[in-house]
Amino acid sequence: MNIIITVITPDPELCLDLVAGNAPDSFVTVSDGVRLKYENTRSVSALSAEQFAADIITFVLERCDDIAIGILASWLYDILKGRKADLHIGDDDEVVISPEAIRQALMKEKNK
């Protein structure tokens, strides 16, 4: 079971907070026994009426239990709350930045 977690943000500091100085294909430790594989960061930009630039940060959760999902949901919420970011878990559309919505999206993907 692999769960793809994607964060899209124009905030370079958020990108640094999420990856915690790790290189792609390494692991970001969320808590004891809970870690995410940091896949990559892609930068995108577009010129239109407004200039747009964002980083797309991708993680993979390789295995977890219900407790780990709760810890991960809290960790993601703590980092993302109040910041400009879109969160996608698995094939879902944008996930609301709340502990419960994040936990539900993770559980849905885990139980597929």
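Residues numbered from 1 in each chain as written. Predicted model: local features only at pLDDT ≥ 70, side-chain atom pairs only at ≥ 80, totals over all residues. Heavy atoms only, no water.

Before we move on, can you summarise the nonpolar core with the specific residues and values?
General note: in soluble globular proteins, nonpolar side chains tend to be found buried as a group. Counting 33 residues, the largest nonpolar core has Ile 5, Phe 59, Leu 72, Trp 75, Ile 89 and Leu 106 as the members making the most contacts within it. At the level of secondary structure, the elements contributing two or more residues to this core comprise strand S1 (3-9), helix H1 (12-19), strand S2 (26-31), strand S3 (34-46), strand S4 (52-61), helix H2 (66-80), strand S5 (86-89) and helix H3 (99-110). Take this core: its biggest share by element is eight residues, from H2. Other than its neighbours up to four places away in sequence, Trp 75 contacts Leu 18, Val 28, Val 30 and Leu 36. (Core = buried A, V, L, I, M, F, W, Y, C linked by side-chain atoms within 4.5 Å. Buried < 20%, exposed > 50% of the residue type's maximum accessible area, 1.4 Å probe, protein only. Helix = DSSP H or I, 4+ residues; strand = E, 2+ residues; numbered from the N terminus. Contact = heavy atoms within 4.5 Å.)

Requested: an account of the pairing of S1, with residues and values cited.
The element S1 is extensively covered by neighbouring structure, given that five of its seven residues are classed as buried. Examined bridge by bridge, S1 and S5 share four bridges and lie antiparallel to one another. By the bridge assignment, Ile 8 is partnered in S5 with Asp 86. (Pairing = 2+ DSSP bridges.)

I'd love a proper account of the side chain of Glu 109, names of residues and values included.
Within the secondary structure layout, Glu 109 lies in helix H3. Not counting chain neighbours up to four residues away, the residues in contact with Glu 109 comprise Ile 3, Ile 89, Gly 90 and Asp 91.

Hey, could you go over the packing of aromatic side chains for me, with residue numbers and the actual values?
This structure, assessed with the given rule, holds one aromatic pair. Each ring, one from Tyr 38 and one from Phe 59, has its centre 5.8 Å from the other, and the planes form 45°; the classification is tilted. Of this pair, Tyr 38 sits in strand S3 while Phe 59 is found in strand S4, placing the two residues 21 residues apart along the sequence. One exposure class covers both Tyr 38 and Phe 59, and it is buried. Over the face of the ring belonging to Phe 27 we find Arg 35, whose NZ or CZ atom lies 3.7 Å from the ring centre. (Phe/Tyr/Trp six-rings, centres within 6.5 Å; stacked < 30°, edge-to-face > 60°. Lys NZ or Arg CZ within 6 Å of the ring centre and 35° of its normal.)

Quick one: what's the story with the environment of Ser 74, residue by residue and with numbers?
Within the element layout of this structure, Ser 74 appears in helix H2. Expressed as a C-alpha distance, the spacing of Ser 74 and Val 30, which sit 44 residues apart in the sequence, is 9.8 Å.

Before we move on, could you go through the pairing of S2 and cite the residues and values that matter?
Inspection of the sheet shows S2 paired to S3 by five bridges, in the antiparallel sense. Across the sheet, residue Phe 27 finds its bridge partner in S3, namely Lys 37. Counted along the chain from S2 to the antiparallel partner S3, the turn is two residues long, and its residue Gly 33 has a positive phi close to 80°.

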